[in-house]
Amino acid sequence: MQLAEHWLRGRGIELGRAAHNPLAPADCLSVAPSDGVTAVDSRDLEDYKVYVAEQARHGREPARVDVVAEATALPFADGELDYVASSHVLEHVPDIFTAWLEWWRVLKPGGVNFMIVPKRDATTEDSVRPITGLEAHIDAFQRRLTPDNLFPGLPWRTHYHVFTLQGLLAALNWFNQQGMGGWLLLAQEETDSNVGNGHTLVLRKTAELPPLAESAQALSGHFGQQRYAEAEQRAAEVLSLNFRVHEAWFMHAMCRWQAGDPACAAQSLTQALVLQPRNVDYQQAYQQLTGHPFHYPMSLIDYLSRLL
């Protein structure tokens, strides 16, 4: 995956690494709740057997596990790692904000949080479940929910959440607005370029983000003066605090286009069009960039149709 190769460098970890579909480089530390011998919880030993069977179905031996730990309680020092990678892991964590706080803690300044979460139609079971809203994530954080203190009888480490990329961006905005630590948006994919059944979100650890109004004003000025590198940074700051500013997505796309990165530009234009699908300027830019018209993401169409 080209995006992972670009951002996952240095010393880092992958949570829940799969042998048939690894995300991080081979020299990463693999972290999981069980290695088949030891486990965070006895139920994780049973889960490990399921994992081994799944890898065998793909004709693979299970990936090595270097560190047995919970994703929300990592045995690393503050600022020790260059990246934390996870693919189809966050949905198994009841309280995503506590996980993000922990990942922020172990990352160096400027370290990367690289996540892929499953699309709502990645599994049949999730496709008929409601999307997890921001309020539910906040409630889980305030109540410090864990697999242990959820409803009795709920399957162990099941899919606790069903995501859309926009819902994940809303969670990012809320996290940043609380002043608990800053995540700067680096990249996103409506459909991940690894397997194609998930959403990608790439974030950089930052001490704090400038106020939204300050970044928005600077974005407008830099973009108008064709200072595209500065405008791109400011667009990322704006979107890290409010992903609903469709103009910021458009300007971010134009900056990446100017920088010779059409793939990233198309992803940002996609989000501008998700928010403003009838905007003719956005439609024309997307057509020119990709060579085909914009099609609204089917997972979102399906979700919205179920609200009728």
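Residues numbered from 1 in each chain as written. Predicted model: local features only at pLDDT ≥ 70, side-chain atom pairs only at ≥ 80, totals over all residues. Heavy atoms only, no water.

Trainee: What is the right way to look at the packing of helix 3 (residues 96-106) against helix 5 (residues 134-143) in this model?
Mentor: Pairs of packed helices are described in terms of their axes, by the angle between the two and the distance that separates them. Relative orientation of the contacting elements helix 3 and helix 5 amounts to 65°, with a least axis distance of 7 Å. Judged by the inter-axis angle, helix 3 sits roughly perpendicular to helix 5. Here I96, F97, T98 and L101 of helix 3 come into contact with helix 5, specifically with L134, H137, I138 and F141. (Axes fitted to C-alpha atoms, helices over the stretch in contact; angles between N-to-C directions. Helix = DSSP H or I, 4+ residues; strand = E, 2+ residues; numbered from the N terminus. Parallel < 35°, antiparallel > 145°, perpendicular 65-115°, else oblique. Contact = heavy atoms within 4.5 Å.)

Trainee: What am I meant to see in the packing of aromatic side chains here?
Mentor: Think of a pair of aromatic rings as described by two things: how far the centres are apart, and how the planes are tilted against each other in angle. Under the criterion given, the structure shown has 12 aromatic pairs. Ring plane angle 75° and centroid distance 5.9 Å describe the contact between F97 and W100, whose orientation is recorded as edge-to-face. Separated by 3 residues within a single helix, F97 and W100 lie in helix 3, roughly one turn from each other. Taken as a pair, F97 and W100 share a single burial class, namely buried. Counting every residue linked through ring pairs, the aromatic cluster contains F97, W100, F141, W174, F175 and W183. (Phe/Tyr/Trp six-rings, centres within 6.5 Å; stacked < 30°, edge-to-face > 60°. Buried < 20%, exposed > 50% of the residue type's maximum accessible area, 1.4 Å probe, protein only.)

Trainee: Is there a simple way to explain the environment of L150 in this structure?
Mentor: Inspection of the secondary structure puts L150 in the loop between helix 5 and helix 6 (165-177). Here L150 falls in the buried class, since its relative accessible area comes to 18%. As a C-alpha pair, L150 and P94 span 56 residues in sequence and 8.4 Å in three-dimensional space. Contacts of L150, omitting those with residues within four sequence positions, involve P94, L145 and Y160.

Trainee: Looking at this model, I keep getting lost on the side chain of D95. Mind explaining?
Mentor: Secondary-structure assignment places D95 in the loop between strand 4 (81-87) and helix 3. Salt bridges are absent for the buried D95, whose nearest opposite-charge side chain, R144, sits at 4.9 Å. Within polar-contact distance, the side chain of D95 engages the backbone nitrogen of F97 at 3.3 Å. Here T98 takes part through its side chain, which lies 2.4 Å from a polar atom of the side chain of D95. With residues near it in sequence (within four places) discarded, D95 still touches A140, F141, R144, L145 and H161. (Lys, Arg positive; Asp, Glu negative; His and termini not counted. Salt bridge = Lys/Arg side-chain N within 4 Å of Asp/Glu carboxyl O. Polar contact = N/O pair within 3.5 Å; in protein donor to acceptor, adjacent residues only side chain to side chain.)

Trainee: Just to check I follow, could you spell out the sheet that holds strand 4 for this structure?
Mentor: Neighbouring strands of a sheet are bound in pairs by backbone hydrogen bonds; such pairs are parallel or else antiparallel. The sheet built from 7 strands is open, its strands ordered 3-2-1-4-5-7-6 with mixed pairing. Pairing within the sheet leaves two strands with one partner each, and these edge strands are strand 3 (67-68) and strand 6 (182-189). Relative to strand 4, strand 1 (residues 12-15) runs parallel, the two being bridged by 4 bridges. When the sheet's bridge partners are listed, I13 is paired in strand 4 with V84. (Pairing = 2+ DSSP bridges.)

Trainee: How should I be thinking about the pairing of strand 4 in this particular structure?
Mentor: Within a regular beta strand, the side chains point alternately toward one face of the sheet and then the other, so they alternate between its two faces. For strand 4, a buried count of 6 out of 7 residues is recorded, marking the element as mostly surrounded by other parts of the structure. In this sheet, strand 5 (residues 107-118) lies alongside strand 4 in parallel orientation, the contact comprising 6 bridges. Considered in strand 5, the bridge of Y83 is made with V112. The parallel pair strand 4 and strand 5, bridged by helix 3, forms a crossover whose chirality is right-handed. (Right-handed = clockwise from strand over helix to strand, strands pointing away.)

Trainee: How do you make sense of helix 10 (residues 262-275) when you look at a structure like this?
Mentor: Two residues of an α-helix separated by three or four positions point the same way, owing to the 3.6 residues in each turn. Between its first and last C-alpha, helix 10 extends 20 Å over 14 residues, near the 20 Å set by a 1.5 Å rise per residue. Taken as a whole, helix 10 has its buried residues at C264, A265, A266, Q267, S268, L269, T270, Q271, A272, L273 and V274. Tucked inside the fold, the buried residues of helix 10 contact helix 6, strand 6, helix 9 (246-258), helix 11 (280-290) and helix 12 (298-305). (Expected span 1.5 Å × (residues − 1).)

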